[in-house]
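# Survey of secondary and tertiary structure
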Amino acid sequence: ELLVHKPGKGAFWNTGLEAALRARGVTHLLVTGVTTEVCVQSTVREANDRGFDCLVVADATESYFPAFKQATLEMLVAQGGIVGWTADSAQVVASLRAA
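Notes on the structure follow. Fair warning: this is a prediction, and the values are worked out from it, not measured in the lab.

### Topic: helix α3 (residues 66-81)
Here α3 is 16 residues long and its end C-alpha atoms lie 21 Å apart, about the 22 Å a rise of 1.5 Å per residue gives. The largest bend along α3 reaches roughly 25 degrees and is located at M75. Within the sequence span of α3, burial applies to K69, T72, L73, L76 and G81. On its buried face, α3 sits against α2 (36-49), β2 (53-62) and β3 (85-87).

Structural data, given as structure tokens:
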């Protein structure tokens with residue numbers, strides 16, 4: 001299990017996460033966490049800028065403000081998923097089982 005101590009909002013800034021993922025051949029990320037509009041969004045945007053395909057597990061993120069969570073999820077998938085995609089955990093589990 002990879003453990004990343006992140007000093008900032010996103011998981012890529014000033015960490016070894018990108019190198020660790022590349023060494024393992026990872027190209028796609030399932031992203032969860034809190035808060036949706038800060039740490040999750042920052043991580044997904046950083047990952048996208050580095051060429052990773054991201055799916056945010058919507059019901060596995062949270063915010064203090066439901067409207068912020070909803071707005072963030074909508075921004076991520078805008079323009080045909082320009083930053084990433086979202087799905088609920090049941091959809092993710094069903095897809096993984098079918099694969």
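### Observations regarding the nonpolar core
Counting residues in each nonpolar core, the largest one holds 16 residues, and the members touching the most others are F12, L29, V44 and V56. Listing elements by their share of this core, those giving two or more residues are α1 (17-23), β1 (28-34), α2, β2 and α3. Beyond its immediate sequence surroundings of up to four residues, V56 is in contact with V31, V40, V44, T61, L73, L76, W85, T86 and A87.

### Regarding the pattern of salt bridges
Here the structure, examined in full by the defined rule, presents three salt bridges. The salt bridge partner of R50 is E18, with a shortest N-O separation of 3.2 Å. Taken together, the residues span a long stretch of sequence, with R50 in the loop between α2 and β2 and E18 in helix α1 at a distance of 32 residues. The closest approach of N and O atoms between K69 and E62, which form a salt bridge, is 3.7 Å. Judged by its relative accessible area of 14%, K69 is buried.

### Comments concerning unusual backbone geometry
Cis peptide bonds are those with omega within 30 degrees of zero, and the linkage from V34 to T35 qualifies with -15 degrees. Locating T35 in the fold gives a position in the loop between β1 and α2. At N14, a position not held by glycine, the phi torsion is positive, near 60 degrees. Considering the arrangement of structural elements, one finds N14 in the segment before α1. A positive phi angle, near 55 degrees, is found at Q79, a position not held by glycine. Of note, Q79 is situated in helix α3.

How each quantity is defined
Residues numbered from 1 in each chain as written. Predicted model: local features only at pLDDT ≥ 70, side-chain atom pairs only at ≥ 80, totals over all residues. Heavy atoms only, no water. Helix = DSSP H or I, 4+ residues; strand = E, 2+ residues; numbered from the N terminus. Expected span 1.5 Å × (residues − 1). Bend = angle between axes of the 7 residues up to and from the residue. Buried < 20%, exposed > 50% of the residue type's maximum accessible area, 1.4 Å probe, protein only. Contact = heavy atoms within 4.5 Å. Core = buried A, V, L, I, M, F, W, Y, C linked by side-chain atoms within 4.5 Å. Salt bridge = Lys/Arg side-chain N within 4 Å of Asp/Glu carboxyl O.

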